[in-house]
Amino acid sequence: MNRTLKLVVSGPVGAGKTTFIQSLSEIPVVETDEWASEAIGKEKTTVAMDYGLLTLDGVPIHLFGTPGQERFDFIWDVLVEGALGLVLLVAGDSPRDFPKARYILDYLTSRHPVPFVVGVTRQDLERVWRPEEVADFFGLPAHQVVGLNATSPTSATLALIRMLELVTGSRWQGVW
Ligand SMILES: Nc1nc2c(ncn2[C@@H]2O[C@H](COP(=O)(O)OP(=O)(O)OP(=O)(O)O)[C@@H](O)[C@H]2O)c(=O)[nH]1
Ligand SMILES: [Mg+2]
């Protein structure tokens with residue numbers, strides 16, 4: 001087993017990528033958020049990458065978050081290189097961004113055949129799309145889509161474990 005795991009977190013603007021990595025990382029996240037130069041519905045956006053690190057049962061897991069904006073798509077390729085798995089986040093209250101998420105997923109997986117899961121954030125809010133509904137939308141099996149609250153370390157960790165189980169194909173038992 002490769003003892004260093006690299007995971008990439010991608011998805012549209014505002015999906016919760018930076019938040020997810022901040023909730024999981026044991027070190028201060030290296031983030032590159034800048035004031036957005038165009039109207040994207042929030043003040044700051046990731047322009048290069050996020051980097052966070054956590055250890056699960058002694059195994060270091062390196063988390064790389066991509067920018068959401070398409071004009072930074074050249075960075076997506078760089079970040080996904082050598083990744084064990086891809087976590088594609090979508091915000092459960094932004095169905096208008098689902099086609100963009102689909103585009104990012106197709107872009108990355110067609111160029112880098114990497115196992116992936118879809119994470120549906122904002123499950124702490126009401127009237128959001130649930131993971132089963134998003135699975136239907138994307139035409140994915142239900143077990144490949146997980147719901148989470150990216151602002152909660154507990155929820156983010158549970159989602160990460162589900163994701164690791166899916167991308168490694170084995171059940172998490174505290175150790176692989
Ligand atoms: N309530 C709630 N808020 C969330 C959740 N995930 C993200 N947010 C909020 O959504 C906003 C955007 O989150 P970011 O983590 O900046 O999104 P991003 O995917 O990194 O966005 P870009 O870097 O611009 O592509 C922040 O205010 C977060 O606190 C969630 O699961 N629940
Ligand atoms: Mg970000």
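Residues numbered from 1 in each chain as written. Chains lettered and ligands numbered in written order. Predicted model: local features only at pLDDT ≥ 70, side-chain atom pairs only at ≥ 80, totals over all residues. Heavy atoms only, no water.

Draft legend 1. Representation of the coordination of the magnesium ion (ligand 2) within the structure. Summarising the metal site, the magnesium ion (ligand 2) is bound by the protein donors Thr-18 (OG1) and Thr-46 (OG1), whose distances to it range over 2.0 to 2.1 Å. Of this pair, Thr-18 sits in helix H1 (residues 17–24) while Thr-46 sits in strand S3 (residues 44–46), and the two are 28 residues apart along the sequence. (Donors = N, O, S within 2.8 Å, 3.2 Å for Na, K, Ca; no water. Helix = DSSP H or I, 4+ residues; strand = E, 2+ residues; numbered from the N terminus.)

Draft legend 2. Expanded view of the site of ligand 1. Neighbouring ligand 1 are 20 residues; Lys-17, Thr-19, Thr-45, Arg-122 and Ala-150 lie closest to it. Side-chain polar atom of Asp-124 to a nitrogen atom of ligand 1: 2.8 Å apart, as the coordinates give it. Burial of ligand 1 by the surrounding chains reaches 81%, relative to a free accessible area of 660 Å². Top element by residues in the shell around ligand 1 is H1. It accounts for three residues. (Near = heavy atom within 4 Å. Polar contact = N/O pair within 3.5 Å; in protein donor to acceptor, adjacent residues only side chain to side chain. Areas by Shrake-Rupley, 256 points an atom, 1.4 Å probe, with all protein chains shown as cover.)

Draft legend 3. View of the pattern of salt bridges. Scanning the entire structure with this criterion turns up three salt bridges. For Arg-111, the salt bridge goes to Asp-77, with nearest N and O atoms at 2.7 Å. With Arg-111 in helix H3 (residues 98–111) and Asp-77 in helix H2 (residues 73–80), this pair connects stretches of sequence that are 34 residues apart. The class of Asp-77 is buried, set by a relative accessible area of 16%. For the salt bridge of Asp-93 with Arg-122, the shortest nitrogen-to-oxygen distance reads 3.4 Å. (Salt bridge = Lys/Arg side-chain N within 4 Å of Asp/Glu carboxyl O. Buried < 20%, exposed > 50% of the residue type's maximum accessible area, 1.4 Å probe, protein only.)

Draft legend 4. Representation of the packing of aromatic side chains in the model. Summed over the entire model, instances satisfying the criterion amount to nine aromatic pairs. Judged by centre distance (5.2 Å) and plane angle (70 degrees), the ring pair of Phe-98 and Phe-137 falls under edge-to-face. Here the residue Phe-98 occupies a position in helix H3, and Phe-137 occupies one in helix H4 (residues 131–138), the gap between them amounting to 39 residues. Given a relative accessible area of 1%, Phe-98 falls into the buried group. (Phe/Tyr/Trp six-rings, centres within 6.5 Å; stacked < 30°, edge-to-face > 60°.)

Draft legend 5. How the structure looks around the sheet that holds strand S1 (residues 5–10). Across the sheet, which stays open at both edges, the six strands sit in the order S4-S5-S1-S6-S7-S8 with mixed pairing between neighbours. Among the strands making up the open sheet, the edge pair consists of strand S4 (50–56) and strand S8 (145–147). Going across the sheet, the axis of each strand differs from the next one's by a mean of 25 degrees, ignoring polarity. Of the pairings in the sheet, the one linking S4 to strand S5 (residues 59–65) comprises seven bridges and is antiparallel in character. Residue pairing in the sheet places Asp-50 in a bridge with Gly-65 of S5. Relative to the sheet, H1 contacts S1, S4, S5 and strand S6 (85–91), its axis offset from that of S4 by approximately 35 degrees. (Pairing = 2+ DSSP bridges. Axes fitted to C-alpha atoms, helices over the stretch in contact; angles between N-to-C directions. Contact = heavy atoms within 4.5 Å.)

Draft legend 6. The arrangement of helix H5 (residues 153–168) in detail. In this model, H5 (16 residues) spans 22 Å end to end at C-alpha, consistent with the 22 Å of a helix rising 1.5 Å per residue. Taken as a whole, H5 has its buried residues at Ser-155, Ala-156, Ala-159, Leu-160, Ile-161, Met-163, Leu-164, Glu-165 and Val-167. A positive phi of about 75 degrees marks Gly-169, the residue just after H5. (Expected span 1.5 Å × (residues − 1).)

Draft legend 7. View of the pairing of strand S7 (residues 116–121). Summarising burial for S7: six of the six residues are buried, a large majority. The side-chain alternation of S7 yields two buried faces, one formed by Phe-116, Val-118 and Val-120 and the other by Val-117, Gly-119 and Thr-121. Across six bridges, the pairing between S6 and S7 is parallel. Each residue of the ladder has a partner; that of Leu-89, found in S7, is Gly-119.

Draft legend 8. Quick peek at the packing of H3 against H4. Contact geometry of H3 with H4 gives a least axis separation of 11 Å together with a crossing angle of 60 degrees. The hand of the H3/H4 crossing is right-handed. Taking contact as the criterion, the partners of Phe-98, Ala-101 and Arg-102 in H3 are, on H4, Val-134, Phe-137 and Phe-138. Class assignment of the residues belonging to the contact of H3 with H4 gives a composition of five nonpolar, no polar and one charged. (Left-handed = near helix turned anticlockwise from the far one by under 90°. Nonpolar A, V, L, I, M, F, W, Y, C, P; charged D, E, K, R; others polar.)

Taken by themselves, the reported measurements are silent on function.
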